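Fold and geometry: a report
Residue-level listing of the chains:
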Amino acid sequence: MEENMLETKSPFEAWLKTNGQKIELTSPFKLGRSNRCSHVISDTMISREHAIIQYDQSEQSWMLIDLNSKNGTYLNGVRIIHPMMLQSGDRIQIGNEKFELYDPSSASHQGGRNNASYEQTVNYIRKQSTWLLIADIKGSTKLSQQMPQVELSKKIQTWMLEVEQIIQRHYGILNDFMGDGILAFWNEQKDINFQVAAAIKELYELDSESGLPFRVIAHYGDINFGAGISSGREKLAGAEINFIFKLEKTAADTNSKVVITEAASNKLQPVLETQILGKFSITGFDTEYLLFSPQF
């Protein structure tokens, strides 16, 4: 975006609401820590120029664009990877700052997009071998029965932020937040096995401020990557995705904080030593599988 580009009123009035404050939108409307932004936010989690909201004349809609920020821009709880058209009632979050869009011209101004239609057609665009990692909280169902929901939610948020920062520090990509867990993957890059091993080690050593116990599962396999047009995030699919999710229950039976599949162990051998946990059955799969844990 050109720095000398003038901010102008859009043809339709719209605004953001945050903490009871009403912020009128101009186009383009930049958010970040820099004093050059339209709305300045003092939060170390936020990039200097983090995201931009601008009016698209051709679509006659406001658009949300992440400016390649370190910690991501979230629309209705989903991290965006493409420019996204906005509707009235949409919730935007960057760092700890939350906004709600009000756009009287939007056809959906009575409460935002329908969540059931938010996840729609996926165009699968490539297949490649890649690293997958799941981190999930142990015994979350039991915890929800023992702990007030507000307290548990705060603890989970603290834990998720710690895990997200570790994964992103080692160039992993957060693909999905699952209530009590996170799914991440790595694109092909130089020293990818070293980065994954370093992330596993940090997660193994993490003593979360939340106090919540958790486990980590690492796997390597062929994944179908697709673009979810509405959700703005890549969709992961295929037998290996099904496998790693089915593995969650088996991983709990191993009593190991980090569980590594045989395929992942073979890839890690040059950079991380592993030891055999044993052969285990996995629901929905006919054969038993060797599982490993890291040796640090």
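Residues numbered from 1 in each chain as written. Predicted model: local features only at pLDDT ≥ 70, side-chain atom pairs only at ≥ 80, totals over all residues. Heavy atoms only, no water.

**Some thoughts on the packing of aromatic side chains**
- By the definition in use, this model includes 8 aromatic pairs.
- Considering the side-chain rings of W159 and F214, the 5.6 Å spacing of their centres and the 55 degrees angle between planes classify their relative orientation as tilted. Placement of the pair is W159 in helix α3 (residues 149-169) and F214 in strand β15 (residues 214-228), with a sequence separation of 55 residues.
- Pairwise contacts between aromatic rings join F243, F285 and Y289 into one cluster.
- Between K17 and the ring centre of Y102, over which it is positioned, the NZ or CZ distance is 5.5 Å.
- For the cation-ring pair, K22 lies above W15, with the distance from its terminal atom to the ring centre recorded as 4.1 Å. (Phe/Tyr/Trp six-rings, centres within 6.5 Å; stacked < 30°, edge-to-face > 60°. Helix = DSSP H or I, 4+ residues; strand = E, 2+ residues; numbered from the N terminus. Lys NZ or Arg CZ within 6 Å of the ring centre and 35° of its normal.)

**Details of the pairing of strand β18 (residues 274-281)**
- Summarising the sheet, β18 and strand β19 (residues 288-294) pair through 7 bridges and their orientation is antiparallel. Directly across from Q275, in β19, lies its bridge partner S293.
- Linking β18 to β19, which pair antiparallel, is a turn of 6 residues; within it G284 sits at a positive phi near 90 degrees. (Pairing = 2+ DSSP bridges.)

**A look at the sheet that holds strand β9 (residues 84-85)**
- In spatial order, the strands read β4-β3-β5-β6-β9; together these 5 strands make up an open sheet with mixed pairing. The open sheet is flanked by β4 (39-40) and β9, the only strands paired with a single partner.
- Two elements, strand β3 (residues 29-32) and strand β5 (residues 51-56), share 3 bridges in a ladder whose sense is antiparallel. Its bridge partner lying in β5, L31 is registered against A51.

**Notes on the side chain of S293**
- Secondary-structure assignment places S293 in strand β19.
- Sequence-distant contacts of S293, defined by excluding residues within four places in its chain, comprise S256, V258, I260, E273, T274, Q275 and L277. (Contact = heavy atoms within 4.5 Å.)

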